[in-house]
Each structure stands twice: as C-alpha cells, then as structure tokens.
Amino acid sequence: MFKKKFFFSLVAVVYLLALSFICLSQTYPKGLIKGDKAPLFEAKDLSGKTIKLKELLKKGDVVLVFYRGQWCPYCNKFLSQLEDSLSMIKDKGATVLAISPEIADGIKETINKSKASYPVLSDDGLKIMNMYKVNFSLSDKMLETYKSYNMDFNKLNGANGNNLPVPATYIIGKNGMIKYAYFNPDYSKRPPIKEILDQI
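In this text, all values refer to a predicted model and were calculated from it rather than measured experimentally. (Residues numbered from 1 in each chain as written. Predicted model: local features only at pLDDT ≥ 70, side-chain atom pairs only at ≥ 80, totals over all residues. Heavy atoms only, no water.)

Trainee: With reference to specific residues and values, describe the pairing of strand β9 (residues 178-183).
Mentor: Each regular strand displays side chains that alternate between the two surfaces of the sheet. As defined by bridge partners, strand β8 (residues 168-172) adjoins β9 across five bridges and the pair is classed as antiparallel. Bridge pairing links threonine 169 to tyrosine 182 in β9. The loop that links β8 with its antiparallel partner β9 comprises five residues; one of these, glycine 176, has a positive phi angle of about 85°. (Pairing = 2+ DSSP bridges. Helix = DSSP H or I, 4+ residues; strand = E, 2+ residues; numbered from the N terminus.)

Trainee: Give a detailed account of the sheet that holds strand β5 (residues 120-122), specifying residues and quantitative values.
Mentor: Strand order in the open sheet made by the five strands is β5-β4-β3-β8-β9, with mixed pairing throughout. Two strands bound the open sheet, and with one partner strand each, they are β5 and β9. Averaged over all neighbouring strand pairs, the angle between strand axes comes to 20°, with direction disregarded. With five bridges joining them, strand β3 (residues 62-66) and β8 adopt antiparallel strand pairing. Looking at β8, one finds that valine 62 is bridged to isoleucine 172. (Axes fitted to C-alpha atoms, helices over the stretch in contact; angles between N-to-C directions.)

Trainee: An account of empty space enclosed by the protein is requested, with residue identities and associated values reported.
Mentor: The tally for this structure, following the rule as stated, stands at one cavity of 30 Å³ or more. What the largest cavity holds in volume is close to 60 Å³. Around the largest cavity, the lining is made up of 10 residues, and of these Tyr28, Arg68, Phe136, Pro185 and Tyr187 lie nearest the centre. Looking at the lining of the largest cavity residue by residue, the classes come out as nine nonpolar, no polar and one charged. (1 Å grid on protein atoms, 1.4 Å probe; cavity = no way out; pocket = protein on both sides within 12 Å on 5 of 7 lines; lining within 4 Å. Points joined across faces, edges and corners; volume = space filled by probe spheres on them. Nonpolar A, V, L, I, M, F, W, Y, C, P; charged D, E, K, R; others polar.)

Trainee: I'd like a description of helix α5 (residues 104-114), backed by residues and values.
Mentor: Listed as buried for α5 are Gly106, Ile107, Thr110 and Ser114. Each buried residue of α5 sits inside an arc of 100° when the element is viewed along its axis, so together they form one side. Buried positions along α5 lie against α3 (73-84), β4 (95-100) and β5. Just beyond α5, the residue with positive phi is lysine 115, at close to 65°. (Buried < 20%, exposed > 50% of the residue type's maximum accessible area, 1.4 Å probe, protein only. Arc of directions from axis to C-beta. Contact = heavy atoms within 4.5 Å.)

Trainee: So what's going on with the pairing of β4? Residues and values would help.
Mentor: Within β4, six of the six residues are buried, which leaves it mostly tucked inside the rest of the structure. Neither face of β4 is exposed, since Thr95, Leu97 and Ile99 on one face and Val96, Ala98 and Ser100 on the opposite face are all buried. The pairing of β3 with β4 spans five bridges and is parallel. When the bridges of β4 are listed, valine 65 appears paired with alanine 98. In terms of strand pairing, β4 meets β5 through three bridges, oriented parallel. Bridging from a neighbouring strand, isoleucine 99 pairs with leucine 121 of β5. Regarding topology, α5 serves as the crossover connection from β4 to the parallel β5, and that connection is right-handed. (Right-handed = clockwise from strand over helix to strand, strands pointing away.)

This is the structure:
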C-alpha cells in the first residue's frame, strides 16, 4: 500500500515538474489592472437566466473569477473556498461570479465539485475572457502534454477549443472600476479569501 501511494505521489510530482517546465515556453496575456474600467457583459447561466454585470453592480461590488475548468483541482478548491465564505462576501454587499471556457456539462461538474451556489457561466465565444485580457491559446508543447493525460479541449471547451484563461480574480466596484486585481499565470496560485474580503 505504501509503495503504491509513493508511486502515485512520485508520478504527480514528475507531472507537475514537467508541466511547470513547459509552462515557461507558454505566452500569456497581461490582464486588466486596478484602476481599469471593467468591461460590461452578459451571459446565461445553466438555468437560462441572463446574468448582467451592469445589474449586479447596482447592488454592490462584484468578485469576478476566471477559472480553467472542472478538471483543475486548484480551480475547484478556490471556488469551494469562495462558497464557504459566501455569507461573509454577501454581508459586504458583494456578488461572486465565476467564468470558464468549458461547456455546460463542465459547468455542471464544476458546481457539483465546488458546491457553488453563485452564478458559474460558460464564456461562449471567449468574449468575456478576451474583454478582460485573460485568454490565451495553449502552445503546441502544452497541448501535447495535456493530450498525454487524455485531455481533449475540443470536448472540454467545445467551440472554445484550446483556449484557457489565466486564473484571475477581479473585484469591480459599484462605479464600474476594477478596485482589486489578482492575475497570476501560475495556475496553482490563488488569492487568499481574507485578501478578497479586505478589498470589498
């Protein structure tokens, strides 16, 4: 049993090291920064309800999160942490909104894994990701690495294909300006929930 656990741990470490090395050759966007005007958008959730950023901002700040997909454990962990702290975020008058390039089935799986009760939206046509300058296309090396682990982004993301967002968290104020920006190409990193709460 110990040998089996050690083997799987070793495989995971080798995989992460290989992926980290390949990530160095990947080109990433710059993202928006604090003080930028937040682009307005609207998208439908799984129930077909249209979610409009403009309407949400009338109520208070919006915590906008871009995540990679239900297959990403770091994304699921962060989305779960947001759900666990949702009452504190709501107490400050803010709304959480999560966006991904994955198709509806992936969104359902994300919600199942993270227990998210806040809106989780599929970015059809990558419009929102492009507006916030978080979108990038996977390099051939990155794509081959993911394929070796049986990950087909044409199935995971549908027409959005081999595109992912840099994991980013923005807090948008009622005035429509970005008051906090966390943008890190290292997909294993996310902002502390306390930091988000302090900025709302």
